[in-house]
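Residues per chain are reported as follows:
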Amino acid sequence: MLGEAFLPARAATIALSAFGLLAVMLAVTGIYGLAAYSVSRRVREIGIRIAVGAQPWHVLQFVLGRTSLLLSIGLCVGLALSLAASQLLSSIVYQASSRDPLVCWRPPSPWY
């Protein structure tokens, strides 16, 4: 009987976990695409740097420098938006705190 009672919550948890996994896969694909596009636009410049005698470490630093800058900016914006969203959701969801990562794991109170 408890299994039937918790089925909607369990199904929602599984669906949201699948959507979260899909979002992570899309983010990783986007970061890879950003790095690949950045490198493909500068292939000639990288080749010239290698031909002139640049050290491999400097070439790698050159290639990953802009990508890491864009990644850092995206990370900061994403964290700021996620904090704002958690504040908004904590005001909407009953007995939820924006600082409580286990809000969906709390057992229901028997005193209602």
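Now for a look at the structure at hand.

Criteria and cut-off values
Residues numbered from 1 in each chain as written. Predicted model: local features only at pLDDT ≥ 70, side-chain atom pairs only at ≥ 80, totals over all residues. Heavy atoms only, no water. Salt bridge = Lys/Arg side-chain N within 4 Å of Asp/Glu carboxyl O. Helix = DSSP H or I, 4+ residues; strand = E, 2+ residues; numbered from the N terminus. Buried < 20%, exposed > 50% of the residue type's maximum accessible area, 1.4 Å probe, protein only. Patch = residues over 30% accessible without salt bridge, like charges linked within 9 Å, V, L, I, M, F, W, Y side chains within 5 Å. Areas by Shrake-Rupley, 256 points an atom, 1.4 Å probe, with all protein chains shown as cover. Phe/Tyr/Trp six-rings, centres within 6.5 Å; stacked < 30°, edge-to-face > 60°. Lys NZ or Arg CZ within 6 Å of the ring centre and 35° of its normal. Axes fitted to C-alpha atoms, helices over the stretch in contact; angles between N-to-C directions. Parallel < 35°, antiparallel > 145°, perpendicular 65-115°, else oblique. Left-handed = near helix turned anticlockwise from the far one by under 90°. Contact = heavy atoms within 4.5 Å.

### Remarks on the pattern of salt bridges
Counting across every chain of the model gives 1 salt bridge. The salt bridge involving glutamate 45 is made with arginine 49; its shortest N-O contact spans 3.5 Å. With glutamate 45 and arginine 49 both in helix 3 (residues 43-52), this residue pair falls 4 residues apart, about one helical turn. Residue classification places glutamate 45 among the partly exposed residues on the basis of a relative accessible area of 34%.

### Digging into a nonpolar patch on the surface
A cluster of nonpolar side chains, contributed by Leu16, Phe19, Leu21, Leu22, Met25 and Leu26, occupies part of the molecular surface with about 670 Å² of accessible area. One can find methionine 25 in helix 2 (residues 7-41). Methionine 25 sits in the partly exposed class, given a relative accessible area of 48%.

### Section: the packing of aromatic side chains
In total, this model carries 0 aromatic pairs according to the counting rule given. Taking NZ or CZ as reference, arginine 49 lies 4.0 Å from the ring centre of phenylalanine 62, over its face.

### A few points about the packing of helix 3 against helix 4 (residues 56-92)
For the pair helix 3 and helix 4, interaxial distance at closest approach is 10 Å and the crossing angle is 160°. On the basis of their axis angle, the class for helix 3 and helix 4 is roughly antiparallel. Handedness of the crossing formed by helix 3 with helix 4: right-handed. Of helix 4, the residues touching helix 3 (which contributes Glu45, Ile46, Arg49 and Ile50) are Val59, Phe62 and Val63.

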